[in-house]
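# Coordinates in review
For reference, the chains in residue letters:
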Amino acid sequence: MQQKKLSSFLALACGLLAALPAHALQVVATLPSLAALAKEVAGPHAQVEAMLSPRQDPHYADAKPSLVLALNRADLLIFNGLELEVGWLPGLVRQARNPKILPGAAGSFDASRFVQKLHVPATLDRAQGDIHPGGNPHFAWDPRAGAAIAEGLGRALGQADPAHAADYQKNAAELAGRLRALAASEQKRFQALAAPQRQVAVYHDSLVYLVDWLGLQQVTTVEPRPGIPPDPAHLAKVIGQLKAVHGLALLQEEYYPRSASDQVVRLAGGRVAVLQGGARFSEGQRYDEYVRGLAAAVFAAITSK
Ligand SMILES: [Zn+2]
């Protein structure tokens, strides 16, 4: 009996090993949402890893040795770009000593190159806070951006692994098509709402792509400038703005502190809607499931009274 169990276990283990291609591409993505896109485009031909958790603020990351090791083995590094990871990624890439993923190398994939950028500052003044000179970097929750990135990934994966180029291209085209259809249908659903209902407040200035996609109107931000926590004077101003339009939804990602937002809605009315910071990639969530869930959470928040 034991013998039988052991042999069936071994058969299962061998079956699993055989299912993994011998030379699977090693793909590392900074954000879990980018990892989810890559996983769908790559299919069974790549091993995809995310460096950050969706519950982590992507502006920051600890320089963990496991991240350096992952980068050292990577054939392709996918990062957001527009300086989102500028505080931590360059140092890790240097430590990884992997020429394939150095800036400018074929294995260095800057997702922002494929995206239509919003909020490109006309003047560069760091006194304005955590300003990103190439444009707002927080596009990972916009399925229109996701579609363009998927197409770029189809080409990049094909270059890294020409034997499966046709598969990557096909998967990318299918995914991009599905994401554009999803973007359009959600857009329609939000457009049907009255204009005042589409007004929102946000915590960090990170939802501009979401606001643009769903046709929302961003009334104010709880942070006075990106990356700068609110002081009492700014909070008073935000509370005044929200009282004037009464009962707005205040949107923020799960990794930002809640206390200032809670105080705002306590005094001004409305409600805080906490949004998932990225696809739950390690739990198997797909990118389209993630963005659909985001739109549903925003819709519920702005239509509940
Ligand atoms: Zn930011």
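This text goes with the structure placed above it.
Residues numbered from 1 in each chain as written. Predicted model: local features only at pLDDT ≥ 70, side-chain atom pairs only at ≥ 80, totals over all residues.

### Structural notes on the overall build of the chain
Note the cut-off: Secondary structure elements are taken from DSSP: a helix is a run of H or I of four residues or more, a strand is a run of E of two residues or more, and numbering for both begins at the N terminus. Residues with at least 20 other C-beta atoms within 10 Å of their own are called buried, those with 12 or fewer are called exposed, and the rest are partly exposed. The C-beta atoms themselves are positioned from the backbone.
Broken down by element type, the chain carries 10 helices and 8 strands. A buried classification covers 41% of the 305 residues belonging to the chain.

### Considering helix α5 (residues 143–160)
Spelled out, the test is: By definition here, a helix of n residues has an expected span of 1.5 Å times n minus one.
For α5, which comprises 18 residues, the first-to-last C-alpha distance of 25 Å matches the rise-based estimate of 26 Å (1.5 Å per residue) to within 8%. Counting buried positions over the 18 residues of α5 gives 14, a clear majority of the element.

### Things to note about the nonpolar core
The test is simple: For our purposes the nonpolar core covers buried Ala, Val, Leu, Ile, Met, Phe, Trp, Tyr and Cys residues that link as a set through C-beta atoms within 7 Å. Boundaries of every domain are those given by an automatic assignment or by a domain database. We call two residues in contact if the C-beta atoms placed from their backbones are at most 7 Å apart.
Val-27, Ala-29, Ala-38, Val-41, Ile-78 and Ala-150 are the most contacted members of the largest nonpolar core, which totals 81 residues. Looking at which element gives the most residues to this core, the answer is α5, with 9 residues. Lining this core are residues from two domains, each supplying at least three of them: domain 1 (12–112 + 128–179) and domain 2 (184–303). Apart from residues lying up to four places away in sequence, Ala-29 is in contact with Leu-34, Ala-35, Ala-38, Val-48, Ala-50, Met-51 and Ile-78.

### Digging into the environment of Pro-121
Mapped onto the elements of the fold, Pro-121 is located in the loop between β4 (108–110) and α5. Between the alpha carbons of Pro-121 and Gly-135 there is a distance of 6.4 Å; along the sequence they are 14 residues apart.

### A few points about the sheet that holds strand β6 (residues 217–221)
Spelled out, the test is: When DSSP locates at least two bridges between a pair of strands, those strands are taken to pair. Fitted lines through C-alpha atoms give the axes, limited to the stretch in contact for helices. The angle between two N-to-C directions lies from 0 to 180 degrees.
Pairing is parallel in the open sheet, where 4 strands are placed in the order β6-β5-β7-β8. Of all strands in the sheet, those with a lone pairing partner are β6 and β8 (271–275), marking the two edges. When the angles between neighbouring strand axes are averaged without regard to direction, this sheet yields 35°. Note that strand β5 (residues 199–202) and β6 share 4 bridges and pair parallel. Residue pairing across strands places Val-202 opposite Thr-221, the latter belonging to β6. Here helix α10 (residues 287–303) sits on the sheet and contacts β5, β7 (249–253) and β8; the angle it forms with β8, its principal contact strand, is near 175°.

### Points about α10
Basically, it comes down to this: The directions from the helix axis to the C-beta atoms are what the arc is built from.
Relative to the 24 Å expected for 17 residues at 1.5 Å per residue, α10 spans 24 Å between its end C-alpha atoms, a close match to the ideal helical length. All of the buried residues in α10 are Tyr-287, Tyr-290, Val-291, Leu-294, Ala-295, Val-298 and Ile-302. Buried residues in α10, looked at end-on, bunch into an arc of 135°, giving them a common side. Those residues of α10 that are exposed and angled more than 90 degrees off the buried face are Ala-296, Ala-300 and Thr-303. The inward-facing, buried residues of α10 abut α2 (32–42), α5, α6 (165–191), β5, β7 and β8.

### Some remarks on the packing of α5 against α6
Basically, it comes down to this: Should an angle fall under 35 degrees it is taken as roughly parallel, and over 145 as roughly antiparallel, whereas 65 to 115 is taken as roughly perpendicular and any remaining angle as oblique. Note on residue categories: nonpolar means Ala, Val, Leu, Ile, Met, Phe, Trp, Tyr, Cys or Pro, charged means Asp, Glu, Lys or Arg, and polar means any other residue, Gly included.
The interhelical angle for the contact between α5 and α6, taken along N-to-C directions, is 175°, at an axis separation of 8 Å. Here α5 is positioned roughly antiparallel relative to α6, judged by the angle of their axes. Counting all contacts with α5, which are made through Pro-143, Arg-144, Gly-146, Ala-147, Ala-150, Glu-151, Leu-153, Gly-154, Leu-157 and Gly-158, the residues of α6 involved are Ala-165, Tyr-168, Gln-169, Asn-171, Ala-172, Leu-175, Ala-176, Leu-179, Arg-180, Leu-182 and Ala-183. Partitioning the contact of α5 with α6 into residue classes produces 13 nonpolar, 5 polar and 3 charged.

### Here we look at the pairing of strand β3 (residues 76–79)
Alternating residues of β3 divide into Leu-76 and Ile-78 and Leu-77 and Phe-79, and every residue in both groups is buried. Looking at chain direction, strand β1 (residues 25–29) and β3 are connected through 3 bridges and run parallel. Counterpart to Val-28 in the pairing with β3 is Leu-77. Sheet topology note: the β3/β4 ladder contains 3 bridges and is parallel. Bridge pairing links Ile-78 to Phe-109 in β4.

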